[in-house]
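Analysis of the macromolecular model
Residues per chain, in single letters:
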Amino acid sequence: MNTRIWTAALVVIGDEILSGRTQDKNIAQLASWLNVQGIRLAEVRVVGDTQAAIVEAVNGLRSRNDYCFTTGGIGPTHDDITVDAIAAALGVPVAIHEQARATLTAYYETRGGLTEARLRMARVPEGAELIPNRMSGAPGIKIENLFVMAGVPHITAGMLDALTGTLEGGLPVLSETIGCWVAESEIADTLREVERAHEGVSIGSYPFFREGQVGANFVVRATEQMVINRCTDDLIARLQTEGRDFTRGGI
């Protein structure tokens, strides 16, 4: 059994994210996709359209994770600087990728032609491969353990689809949720004891306030369903012993 935990990080790039004008949707999308590949999203950084900030984030995150993804900043305008920043992070020049040029030429043949601005989307760090993009023609980029993708969520989704099954990973993380009308602080010791009693399990506690009451959902996570079942049964038994009402599947 492959018990190694493979990890990935994400650098979300864009002044529009930091200003609040645009809400990022790629974090959840990437996390879900990675889990199916057997890879856990371990870290996320959000940086503006500044080369130094992108270089620092990418170099830091790629060095301590198996994979590093970026979203945003690979369009045709002057402030799309991600490609230049990735090249700087890797210490390589930027070059026109001829396959990308051909793809863009075909895509824009009936859309006004391949202008100088549109040709910017064929620029890659030297030595990079392409991630196909059926949605808008402009490809993503993969080089070493870096994956450079669009910021527009539906285009990102298409690029992830093209990458499906190509990354080495471990076992997907499974989960089960138990909901309980209880203050998180009252159940903390029980959760800690249950987690310690079951190797390979993590329990997340997510408190809420609804209908004038406090409660929490407890998410049991592991890579084996049998392990989750044993841990969940143990947690439920302890909740019953304490006289607490619970709901399988969460509240």
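Just above, that's the structure.
These numbers come from a predicted model, not from an experiment.

Considering the pattern of salt bridges
Counted according to the given criterion, the structure contains 13 salt bridges. Between Asp161 and Arg134 there is a salt bridge; the shortest N-O distance is 3.4 Å. Here Asp161, found in helix H7 (residues 153-163), pairs with Arg134, found in the loop between strand E6 (129-131) and strand E7 (140-143); they are 27 residues apart in sequence, far enough to count as distant. Owing to a relative accessible area of 45%, Asp161 belongs among the partly exposed residues under this scheme. Owing to a relative accessible area of 63%, Arg134 belongs among the exposed residues under this scheme. Where Glu176 meets Arg248, a salt bridge forms, and the shortest distance between an N and an O atom there is 2.8 Å. Residue Glu176 is located in strand E9 (residues 174-180), and its partner Arg248 is located in strand E12 (residues 246-248); the two are separated by 72 residues in the primary sequence. A residue is classified by how much of its surface remains accessible, and Glu176, at 19% relative accessible area, is buried.

Some thoughts on the sheet that holds E9
What links the strands of a sheet is backbone hydrogen bonding, and the strands pair in either a parallel or an antiparallel sense. Across the sheet, four strands lie side by side as E10-E11-E9-E12; this open sheet has antiparallel pairing. Looking at the sheet topology across the chains shown, the edges are occupied by strand E10 (202-210) and E12. Along the sheet, successive strands turn relative to each other by an average axial angle of 25°, direction set aside. The sheet contact formed by E9 and E12 spans three bridges and is antiparallel. Residue pairing in the sheet places Ile178 in a bridge with Arg248 of E12.

What about the packing of aromatic side chains?
What the rule picks out here adds up to six aromatic pairs. Between Tyr67 and Phe147, the aromatic rings sit 6.0 Å apart at their centres with planes inclined by 65°, giving edge-to-face as the arrangement. Separated by 80 residues along the polypeptide, Tyr67 in strand E3 (residues 67-71) and Phe147 in strand E8 (residues 146-149) bring together distant segments of the chain. Of the residues examined, Phe147 reaches a relative accessible area of 6% and is grouped as buried. Residues Tyr107 and Tyr108 carry aromatic rings whose centres are separated by 5.0 Å and whose planes lie at 90° to one another, so their mutual orientation is edge-to-face. Among the aromatic residues, those joined into a cluster by ring pairs are Trp6, Trp33, Tyr67, Phe69 and Phe147. Of note, Arg4 hangs over the ring of Trp6, and the distance from its end group to the ring centre comes to 3.6 Å. Note that Arg111 overlies the ring of Tyr107, its terminal NZ or CZ placed 3.9 Å from the centroid.

A short note on the layout of surface pockets
Reported here for the second largest pocket is a volume of approximately 430 Å³. Around the second largest pocket, the lining is made up of 29 residues, and of these Gly72, Gly73, Ala150, Gly151 and Val152 lie nearest the centre. Elements represented by at least two residues in the lining of the second largest pocket include exactly strand E1 (6-13), helix H1 (15-19) and H7. With three residues, H7 is the single largest residue contributor to the lining of the second largest pocket. In the lining of the second largest pocket, the residues fall into 12 nonpolar, 11 polar and six charged.

Reading the values: rules and limits
Numbers given to residues run from 1 along each chain, matching the order in which its sequence is written. Note on the predicted model: pLDDT of at least 70 is required for a residue's local features to be given, and 80 or more for side-chain atom pairs to be given and counted; whole-chain, interface and lining totals, by contrast, use all residues. Only hydrogens and water are removed before side-chain values are computed, so all heavy atoms of the structure are retained for them. Within this document, salt bridges are pairs made up of a side-chain nitrogen of Lys or Arg and a carboxyl oxygen of Asp or Glu, the two lying within 4 Å of each other. Runs of H or I in DSSP of at least four residues are treated as helices and runs of E of at least two as strands, each being numbered from the N terminus. The buried label applies to any residue whose accessible area, calculated with a 1.4 Å probe on protein chains only, is under 20% of its type's maximum; exposed applies above 50%, and partly exposed to all values in between. For two strands to pair, DSSP has to find at least two bridges joining them. Fitted lines through C-alpha atoms serve as axes, helices being fitted only where they are in contact, and the angles separating the N-to-C directions of these axes extend from 0 to 180 degrees. Aromatic contacts are taken between Phe, Tyr and Trp rings whose centres are within 6.5 Å, Trp giving its six-membered ring; a plane angle under 30 degrees counts as stacked, one over 60 as edge-to-face, and the others as tilted. When the NZ atom of lysine or the CZ atom of arginine is within 6 Å of a ring's centre and also within 35 degrees of its normal, the charge is said to sit over that ring. Method remark: on a 1 Å grid restricted to protein atoms, a set of points is classed as a cavity if a 1.4 Å probe fits but cannot get out and as a pocket if it is open with protein on both sides within 12 Å along at least five of seven lines; lining residues have an atom within 4 Å of a point. Grid points are joined across faces, edges and corners, and a volume is the space filled by probe spheres set on the points. Residues are grouped as follows: Ala, Val, Leu, Ile, Met, Phe, Trp, Tyr, Cys and Pro are nonpolar; Asp, Glu, Lys and Arg are charged; every other residue, Gly included, is polar.

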